[in-house]
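# A closer look at the structure
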Amino acid sequence: MIRFESVSKSYTALVSRKRVDALAEFTLEMARGEVVGIAGPNGAGKSTMISLLMGFLHPTSGRITIDGAAPRPWVEQHGVGYLTELVNLPPRWKVPTTVRRMATLSGVAADAVATESAAMMTRLGLDEHAGKRIKQLSKGNLQRVGLGQALIGDFELVVLDEPTHGLDPLWTQRFRDVVRALRRPDRLVLIASHNLDELEMLADRVAILDHGRLQRVVGHSTEE
């Protein structure tokens, strides 16, 4: 499904004007049916890799394809269940309103928005916060609303950038159940995190990045 072929992305630092290699000669293939983890410390290149995959950025060199197509056209045609590293939603929206609007944006049929939104509220433990506005939520509860954005549609590709960031230990554990529920033969789930131990419990394979370079891949493809 996804193929990175010797992909590099370089920037010019604003102050020093030095060249920064955010990603260097990155090669990896990922298939439907897999849960793939991308691990590494802050600055390792995880978010750059995701931005390239989503078509927000273009590689300096190399090639990225999704089902043989360039990333941005594929994303625009098929959609992606996407959780950004930093959840940013209108602060005055009520939580149920936010989830309903996310359902609409994710392509949920108009006559199913109310039902699907209510189910997602329950699934993510948000019913008790139904009377709150986004600005009143704790970091962990805001993260759960962000997860709803990625989970409420029916997508072949789900990309989660630091999904357990801000979650308490209970919800970090429950997130494992969320990932298990996402698994299906026609879907690829990609999870980026600095927590290697957590990724090894969730993913079939974990690609480890450091300073923009792929160090090794732990685990085995489901196609093997």
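What you see is a predicted model; the values in this text were computed from it and never measured. (Residues numbered from 1 in each chain as written. Predicted model: local features only at pLDDT ≥ 70, side-chain atom pairs only at ≥ 80, totals over all residues. Heavy atoms only, no water.)

## As for helix α1 (residues 46-54)
The criterion, for reference: For each residue, the accessible area found with a 1.4 Å probe, counting protein chains only, is set against the maximum for its type, and the residue is called buried under 20%, exposed over 50%, and partly exposed in between. A helix here means a DSSP run of H or I that spans at least four residues, while a strand means a run of E at least two residues long, and both kinds are numbered starting from the N terminus.
With eight of its nine residues buried, α1 lies for the most part within the structure. Taken residue by residue, α1 has Lys46, Thr48, Met49, Ile50, Ser51, Leu52, Leu53 and Met54 as its buried positions. Glycine 55, located one to two residues past α1, shows a positive phi value of around 85 degrees.

## Here's the deal with the pattern of salt bridges
Formally: The term salt bridge refers to a pairing of a side-chain nitrogen on Lys or Arg with a carboxyl oxygen on Asp or Glu at a separation within 4 Å.
Tallied over the entire structure, the rule returns 13 salt bridges. The salt bridge partner of arginine 32 is glutamate 156, with a shortest N-O separation of 2.6 Å. Taken as a pair, arginine 32 in the loop between β2 (19-30) and β3 (35-39) and glutamate 156 in the loop between α5 (139-151) and β6 (157-161) lie far apart in primary sequence, 124 residues in all. A salt bridge links aspartate 177 to arginine 180, with the nearest nitrogen and oxygen atoms 2.2 Å apart. With aspartate 177 and arginine 180 both in helix α6 (residues 169-182) and three residues apart, this pair spans about one turn of that helix. One network of salt bridges, with partners in common, ties together Asp154, Arg184, Asp186 and Arg187.

## A few points about the environment of alanine 22
The cut-off we apply is this: Contacts are assigned to residue pairs that have any heavy atoms within 4.5 Å of one another.
Take alanine 22: it is sitting in strand β2. The buried category is assigned to alanine 22, whose relative accessible area is 12%. Distance from alanine 22 to leucine 188, taken between C-alpha atoms, is 24 Å for residues 166 residues apart in sequence. What alanine 22 contacts, discounting residues up to four positions off in sequence, is Lys9, Tyr11, Ala44, Gly45, Thr48 and Gly212.

## Observations regarding the layout of surface pockets
The test is simple: With a 1 Å grid laid over protein atoms only, a set of points is called a cavity when a 1.4 Å probe fits there but cannot get out and a pocket when it is open yet has protein on both sides within 12 Å along at least five of seven lines; lining residues have an atom within 4 Å of a point. Grid points are joined across faces, edges and corners, and a volume is the space filled by probe spheres set on the points. Think of it as three bins: nonpolar holds Ala, Val, Leu, Ile, Met, Phe, Trp, Tyr, Cys and Pro, charged holds Asp, Glu, Lys and Arg, and polar takes everything else, Gly as well.
What the largest pocket holds in volume is close to 370 Å³. What lines the largest pocket is a set of 19 residues, and nearest its centre among them are Val80, Tyr82, Leu105, Ser106 and Gln149. Partitioning the lining of the largest pocket into residue classes produces ten nonpolar, six polar and three charged.

## Notes on the sheet that holds strand β8 (residues 205-210)
Strand pairing in a sheet relies on backbone hydrogen bonds. The paired strands run either parallel or antiparallel. Condition: One requirement defines pairing of two strands: DSSP has to find at least two bridges between them. Here the axes come from fitting lines to C-alpha atoms, over the contacting stretch only for helices, and the angles between their N-to-C directions go from 0 to 180 degrees.
Spatial ordering of the open sheet is given by β5-β6-β7-β3-β8-β9, a layout of six strands whose pairing is mixed. Each edge of the sheet is formed by a strand with only one pairing partner; in this case those strands are β5 (81-83) and β9 (213-219). Averaged over all adjacent pairs, the angle separating strand axes in this sheet is 15 degrees, with direction ignored. As defined by bridge partners, β3 adjoins strand β7 (residues 188-193) across five bridges and the pair is classed as parallel. Bridging across to β7, valine 36 finds its partner in leucine 190. α1 rests against β3, β5, β6, β7 and β8 of the sheet, and its axis sits at about 150 degrees to β7.

## With respect to unusual backbone geometry
Most peptide bonds adopt trans geometry, and most residues besides glycine take a negative phi value. For glutamate 162, which is not a glycine, the phi torsion comes out positive at approximately 50 degrees. We classify glutamate 162 as buried; its relative accessible area is 5%.

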